[in-house]
Amino acid sequence: MALTGVLRPGHVQMRVLDLEESVKFYRDVVGLVETGRDKQGRVYFKTWDERDHNSFIIRQAATAGLDFYAFKVADKATLDKFDADLRAYGLKTERIAAGDLLETGERVRFQIPTGHLIELYAEKTDVGNGLSYLNPEAWTGLAEKGIAPIRMDHILLYGPDIDGARKIFEDVLGFYLVEHVVLEDDKTDLAIWLSCSTKAHDLAFVRHPEPGKVHHVAFQLESWERVLRAADIMAMNKVNIDIGPTRHGITRGTTIYAFDPSGNRFETYCGGYASYPDWQPIKWTMDEVGRGIFYHNRKLNDTFLTVVT
Amino acid sequence: MSNYLITIEDSGESYRQRGERNLLEGMAALGRKGIPSGCCGGGCGVCKVEIVSGSYRKRAMSRAHVSAEDEAQHRVLACRIWPTSDLTLKVLGKMGKNLCRERGGEASRS
Ligand code: FES
Ligand SMILES: [Fe+2]
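Please read these numbers as outputs of a predicted model, since none were measured by experiment. (Residues numbered from 1 in each chain as written. Chains lettered and ligands numbered in written order. Predicted model: local features only at pLDDT ≥ 70, side-chain atom pairs only at ≥ 80, totals over all residues. Heavy atoms only, no water.)

## Details of the sheet that holds strand β2 (residues 14-18) of chain B
Within a sheet, each strand pairs with its neighbour through backbone hydrogen bonds, oriented either parallel or antiparallel.
Residue and element names in this part refer to chain B.
Step number 1: As summarised here, the arrangement of the five strands in space is β2-β1-β7-β3-β5, forming an open sheet in which the pairing is mixed. Of all strands in the sheet, those with a lone pairing partner are β2 and β5 (75-77), marking the two edges. Ignoring which end each strand starts from, the neighbouring axes of this sheet average 40° apart.
Step number 2: With four bridges connecting them, strand β3 (residues 48-53) and strand β7 (residues 87-91) associate as antiparallel partners. Within β7, the position partnered with I51 by the bridge is L89. (Pairing = 2+ DSSP bridges. Helix = DSSP H or I, 4+ residues; strand = E, 2+ residues; numbered from the N terminus. Axes fitted to C-alpha atoms, helices over the stretch in contact; angles between N-to-C directions.)

What follows is the structure, given as structure tokens:
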């Protein structure tokens, strides 16, 4: 197996202000599949094509924003090894018992210097995507319901010490830098895009004075045409679109940024090139950052650096 | 259909808000630069205003931006309130800065 260690983004838990309104939104507009509810009142979703029980979890709270973001690792031995490595690196880790999240094994949780809680886990029940493991069809009816993304793809986090966060992901967890935006001093990164796979990014950070903020959670779509279809669905449902459909210069992904009913931004994203760990990172400078973030109109909108939850 | 007079104390301007729009949508429909369009979901806090007079209906808004005391003092998020009478408001936070900047800009152009 060539893909070892950290396999992929696994689940994210978000806070919403009104649970049932948000359930309706994520189920009927985004087109996620509701897979369960737990005693704490959390609601679990996955995309139609994901096989593990859940990838997107919401709970009602007094504030919007991110509770934690998690990556699935190869197996339990890998989980134990990362736990030990993170402690040796000087981080505090916490073990959360299997079953705390529905159909999910033991989790290792730690806080990174940007203020965010990150988790690793090795086990989540395979509930399948509705297609057979033997001679399957290509898709199911759920693939057409709502925006219907394929997977929970990545997250963009905002916080102060993105260099410290980057070191943990690179040195302990095996991520690598794919692209970065460098400030006028030609040294300090304003933003970094990190990968644990051959995706152009699995995780990204923007330097920001307040810790623990989230810019967006991204859902992957299959094609640019599906991105346009997502825009139509957003229009029909009066979803507050932040920007798009457009393209990112960075990662080359096509995109829409929009807001859920609690003001959490989400992205419907397609494409992005395949990258490899031996590739040289791509660097962007501040005079071209507009084109880097929004390739077509070539400027940042007012909300990119300021509106977060 | 509802039809209320909304007065923005900072700039002295007023407008009529009709129908089921929230206060931020109404202000944005003025077409003025400087009215920030944030998340429109009560989560990001950029649209904070103080309602000086008038009544409104409200929905849950993030405690990260509106404390219980704020809420009691009618310092609320414009995207999460719906006027139920004529209103007078003051803009706060980021929106206030933007409005002031815009007014400065207009003054220097004239
Ligand atoms: S626009 Fe974000 S809280 Fe009103
Ligand atoms: Fe993204």
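## Some points on the pairing of strand β8 (residues 117-121) of chain A
Residues and elements named next belong to chain A.
Step number 1: Counting buried residues along β8, four of its five residues qualify, which places the element largely inside the surrounding structure.
Step number 2: Bridge analysis of strand β5 (residues 65-73) against β8 gives four bridges, and the strand direction is parallel. Paired with A70 across the bridge in β8 is E119.
Step number 3: Note that strand β7 (residues 107-111) and β8 share five bridges and pair antiparallel. Across the sheet, Q111 pairs through a bridge with L117, a residue of β8.
Step number 4: Counted between consecutive antiparallel strands, the loop separating β7 from β8 contains five residues, among which G115 sits at a positive phi close to 95°. (Buried < 20%, exposed > 50% of the residue type's maximum accessible area, 1.4 Å probe, protein only.)

## So, the interface of chain A and chain B
Step number 1: Taken together, the 16 residues of chain A in the interface contact 17 residues of chain B.
Step number 2: Both faces considered, chain A and chain B share a buried interface measuring about 1,100 Å² in area, 54% of it formed by carbon and sulfur atoms.
Step number 3: In this assembly, chain A and chain B are joined by two salt bridges.
Step number 4: One salt bridge in this structure joins D18(A) and R59(B), with 3.0 Å as the shortest N-O distance.
Step number 5: Residue composition of the side of chain A that touches chain B, grouped by class: seven nonpolar, seven polar and two charged. (Contact = heavy atoms within 4.5 Å. Buried area = accessible area lost by both parts, 1.4 Å probe. Salt bridge = Lys/Arg side-chain N within 4 Å of Asp/Glu carboxyl O. Nonpolar A, V, L, I, M, F, W, Y, C, P; charged D, E, K, R; others polar.)

## Observations concerning the domain arrangement of chain A
It is common to give the size of an interface as the accessible area that goes away when the parts come together.
All names here are of chain A.
Step number 1: Looking at the assigned domains, one finds that chain A contains domain 1 (6-128) and domain 2 (151-306).
Step number 2: Once you take the C-alpha centre of each, domain 1 and domain 2 turn out to be 20 Å apart.
Step number 3: Listed per partner, the contact involves 41 residues of domain 1 and 40 residues of domain 2.
Step number 4: With both sides pooled, the region where domain 1 packs onto domain 2 buries about 3,100 Å², and carbon together with sulfur makes up 76% of that total.
Step number 5: Taken as a group, Y89, P113 and T114 account for 18% of the area that domain 1 buries against domain 2, more than any other trio of residues on that side.
Step number 6: Between the two partners, domain 1 and domain 2, sit zero salt bridges.
Step number 7: Counting across the domain 1 and domain 2 interface gives eight residue pairs in polar contact (both at pLDDT 80 or more).
Step number 8: Put simply, the parts of the chain that give the side of domain 1 that touches domain 2 at least two residues each are β1 (6-16), α1 (19-29), β5, α2 (76-89) and β8.
Step number 9: Take the side of domain 1 that touches domain 2: its biggest share by element is ten residues, from β1.
Step number 10: For the side of domain 1 that touches domain 2, the class distribution of residues is 26 nonpolar, nine polar and six charged. (Domains from an automatic or database assignment. Polar contact = N/O pair within 3.5 Å; in protein donor to acceptor, adjacent residues only side chain to side chain.)

## Quick look at the packing of aromatic side chains
All names here are of chain A.
Step number 1: In total, this model carries 16 aromatic pairs over all chains according to the counting rule given.
Step number 2: Here Y26 and F56 contribute two aromatic rings whose centre-to-centre distance is 4.6 Å and whose plane-to-plane angle is 45°, an arrangement assigned as tilted. With Y26 in helix α1 and F56 in strand β4 (residues 56-60), this residue pair connects regions lying 30 residues apart in the sequence.
Step number 3: Site record: aromatic cluster; members linked through ring pairs are F25, Y26, F45, F56, F219 and F266.
Step number 4: Over the ring of Y121 we find K124, and its NZ or CZ is 4.6 Å from the ring centre.
Step number 5: The ring centre of Y257 lies 5.9 Å from the NZ or CZ of R265, which sits over that ring. (Phe/Tyr/Trp six-rings, centres within 6.5 Å; stacked < 30°, edge-to-face > 60°. Lys NZ or Arg CZ within 6 Å of the ring centre and 35° of its normal.)

## Details of the coordination of the iron ion (ligand 2)
Residues and elements named next belong to chain A.
Step number 1: Within the first shell, the iron ion (ligand 2) binds the protein through H154 (NE2), H216 (NE2) and E267 (OE), at distances of 1.9 to 2.1 Å.
Step number 2: Positions of the donor residues of the iron ion (ligand 2) along the chain correspond to the pattern H-x61-H-x50-E. Of the two residues, H154 is situated in strand β9 (residues 151-159) and E267 in strand β16 (residues 265-270); the sequence distance between them amounts to 113 residues. The same class applies to H154 and to E267, which are both buried. (Donors = N, O, S within 2.8 Å, 3.2 Å for Na, K, Ca; no water.)

## A few points about unusual backbone geometry
Step number 1: Going from G244(A) to P245(A), the amide bond is cis rather than trans, its omega being 5°.
Step number 2: With respect to the secondary-structure elements, P245(A) resides in strand β14 (residues 241-247).
Step number 3: With phi around 55°, C40(B) is a residue other than glycine that occupies positive phi space.
Step number 4: Within the secondary structure, C40(B) sits in the loop between α1 (23-29) and β3.
Step number 5: Here C40(B) falls in the partly exposed class, since its relative accessible area comes to 28%.

## Some thoughts on the environment of L87(B)
Residue and element names in this part refer to chain B.
Step number 1: Structurally, L87 is set in strand β7.
Step number 2: Spatially, the C-alpha atoms of L87 and I51 are 7.0 Å apart, while their sequence positions differ by 36 residues.
Step number 3: In this structure L87 touches L5, I6, T7, L23, I51, S53, G54, S55 and Y56, once residues within four positions along its chain are discounted.

## Comments concerning the pattern of salt bridges
All names here are of chain A.
Step number 1: Tallying each qualifying case throughout the model produces 39 salt bridges over all chains.
Step number 2: The shortest N-O distance in the salt bridge between R95 and D80 comes to 2.8 Å. Of this pair, R95 sits in strand β6 (residues 93-96) while D80 sits in helix α2, and the two are 15 residues apart along the sequence.
Step number 3: Overall, D80 belongs to the partly exposed group, its relative accessible area being 40%.
Step number 4: The partner of D83 in a salt bridge is R95, with the nearest N and O atoms 2.8 Å apart. Placement of D83 in helix α2 and of R95 in strand β6 is noted, with a sequence separation of twelve residues between them.
Step number 5: Residue classification places D83 among the buried positions, given a relative accessible area of 5%.
Step number 6: Each of D38, R42, D100, R107, R109 and E119 takes part in salt bridges that share partners, so that together they form one network.

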